[in-house]
Amino acid sequence: MSTADAALASIHERFAERRLHEQNSQLSTWRVQQLIMERLSDGEPTIEEVAGTLCVSKRTLQRCLKKEGTQYKDLLNKTRREQAHLYLCHSHFSLQEVAYLLGFHEHSSFSVPVRVGSV
């Protein structure tokens, strides 16, 4: 267009690229793990809940995680293991409290492997 402002167009283009980058970074495995951690004590967060928080569909989230070489269930389990390790090694929480904090409804659903010779 003859009336187009090249400087303004450049500003808009940089803004759009930055917003796209922010949107893509919101769908990283790190961000999904953060959302899982925030919701664990309320029960096991579903992929639909996490996708809704990120303002994407379940399928879009699945595709993004697949690109990073993982699946939602794997991230959920990994997050629980990491949190369990932190709680059990660096807090005063009982096993029952840790199970609750990790989103298990019954502490019997939560088990910790014991290493031979570590007792």
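Above: the structure in question.
A. Region of interest: the environment of Q83. Take Q83: it is sitting in helix α5 (residues 72–90). Under the relative-accessibility criterion, Q83 is labelled buried at 13%. Here the alpha-carbon distance between Q83 and L101, two residues 18 residues apart in the chain, equals 8.9 Å. Among all residues touching Q83, those that are not within four sequence positions of it are M37 and L102.

B. Highlighting the side chain of R80. When you line up the elements, R80 lands in helix α5. Once residues lying within four places of it in the same chain are set aside, the contact partners of R80 are L40, E44, L102, G103 and F104.

C. Summary view of the packing of aromatic side chains. Under the counting rule described, the total for this entry stands at one aromatic pair. Each ring, one from Y87 and one from F93, has its centre 5.6 Å from the other, and the planes form 80°; the classification is edge-to-face.

D. Main features of unusual backbone geometry. The residue C55 is not glycine, and still its phi comes out positive at about 60°. Mapping C55 onto the fold places it in the loop between α3 (47–53) and α4 (58–67).

E. View of the pattern of salt bridges. Enumeration over the complete set of coordinates arrives at five salt bridges. Between R80 and E44 there is a salt bridge; the shortest N-O distance is 3.2 Å. Taken together, the positions of R80 in helix α5 and E44 in the loop between α2 (29–39) and α3 put the pair 36 residues apart, joining distant regions of the chain. Residue R80 is classed as buried on the basis of its relative accessible area of 9%. Measuring nitrogen to oxygen at the nearest pair gives 3.3 Å for the salt bridge that ties K58 to E48. Of the two residues, K58 is situated in helix α4 and E48 in helix α3; the sequence distance between them amounts to ten residues. For K58, a relative accessible area of 36% puts it in the partly exposed group. Where salt bridges share partners, they join E44, K73 and R80 into one cluster.

Calculation notes
- Residues numbered from 1 in each chain as written.
- Predicted model: local features only at pLDDT ≥ 70, side-chain atom pairs only at ≥ 80, totals over all residues.
- Heavy atoms only, no water.
- Helix = DSSP H or I, 4+ residues; strand = E, 2+ residues; numbered from the N terminus.
- Buried < 20%, exposed > 50% of the residue type's maximum accessible area, 1.4 Å probe, protein only.
- Contact = heavy atoms within 4.5 Å.
- Phe/Tyr/Trp six-rings, centres within 6.5 Å; stacked < 30°, edge-to-face > 60°.
- Salt bridge = Lys/Arg side-chain N within 4 Å of Asp/Glu carboxyl O.

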